[in-house]
Amino acid sequence: MDNCIFCKIIKGEIPCKKVYEDELILAFEDINPEAPVHVLIIPKKHIDSLDSLEEEDKDILSHIFIKAKDLARELGIAEDGYRVVNNCGINGGQTVLHMHFHILGGRNLQWPPG
Ligand code: 5GP
Ligand code: ZN
């Protein structure tokens with residue numbers, strides 16, 4: 001996807017503070033953190049949103065969640081707890097149309113969201 005910010009980050013055309021990378025996914029610090037720890041995990045494959053997921057993407061999705069858990073521990077937020085969030089579509093508050101999961105922690109997060 002030529003005009004996708006996150007595809008550009010994957011290709012190295014836009015810099016990021018990388019936290020983790022493998023053949024399937026990339027994790028990096030959010031540019032506008034909403035918590036002391038705020039990391040985004042994205043698939044290297046361009047998928048518009050959770051709503052666009054296909055059956056063939058299930059390995060990517062499970063990999064994202066396993067790594068989210070591992071990263072939360074490495075980032076020191078697992079013991080106190082954290083949140084993994086996906087915003088999907090306009091009402092879900094999605095602003096970047098490349099599916100991503102937020103890992104948020106390091107403070108007491110409020111519920112419900114606004
Ligand atoms: P959404 O609102 O779509 O769920 O989340 C998009 C997130 O991407 C936001 O938290 C925003 O701060 C982050 N973001 C947008 N552009 C960039 C960028 O160029 N670099 C990084 N590291 N994060 C970005
Ligand atoms: Zn993309």
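In what follows, the structure referred to is the one given above.
Residues numbered from 1 in each chain as written. Chains lettered and ligands numbered in written order. Predicted model: local features only at pLDDT ≥ 70, side-chain atom pairs only at ≥ 80, totals over all residues. Heavy atoms only, no water.

S.K.: Which parts of the structure should I look at to understand the coordination of the zinc ion (ligand 2)?
M.R.: Note on metal geometry: ideal angles are 109.5 degrees for four donors arranged tetrahedrally and 90 or 180 degrees for six donors arranged octahedrally. Around the zinc ion (ligand 2), the protein contributes the donor atoms C4 (SG), C7 (SG), H46 (ND1) and H98 (ND1), at 2.1 to 2.3 Å from the metal centre. Taken together, the 4 donor atoms coordinating the zinc ion (ligand 2) span angles of 104 to 116° at the metal, a pattern that classifies the geometry as tetrahedral. When the donors of the zinc ion (ligand 2) are listed by position in the chain, the intervening gaps give C-x2-C-x38-H-x51-H. C7 matches C4 in its accessibility class, with the two residues each being buried. (Donors = N, O, S within 2.8 Å, 3.2 Å for Na, K, Ca; no water. Tetrahedral: all angles 85-135°; square planar, octahedral: opposite > 155°, others 65-115°. Buried < 20%, exposed > 50% of the residue type's maximum accessible area, 1.4 Å probe, protein only.)

S.K.: What is the right way to look at the site of ligand 1 in this model?
M.R.: Every one of the 16 residues lining ligand 1 counts as a neighbour, but D30, N87, T95, H100 and H102 are closest to it. A distance of 2.5 Å separates an oxygen atom of ligand 1 from a polar side-chain atom of D30. Between an oxygen atom of ligand 1 and a main-chain N or O atom of G93, the distance comes to 3.1 Å. Protein coverage of the free-state accessible area of ligand 1, which is 520 Å², stands at 83%. The set of elements that each furnish at least two residues to the shell around ligand 1 consists of helix 1 (5-11) and strand 2 (25-29). For the shell around ligand 1, the element with the highest residue contribution is helix 1, accounting for 3 residues. Looking at the shell around ligand 1 residue by residue, the class counts come to 7 nonpolar, 7 polar and 2 charged. (Near = heavy atom within 4 Å. Polar contact = N/O pair within 3.5 Å; in protein donor to acceptor, adjacent residues only side chain to side chain. Areas by Shrake-Rupley, 256 points an atom, 1.4 Å probe, with all protein chains shown as cover. Helix = DSSP H or I, 4+ residues; strand = E, 2+ residues; numbered from the N terminus. Nonpolar A, V, L, I, M, F, W, Y, C, P; charged D, E, K, R; others polar.)

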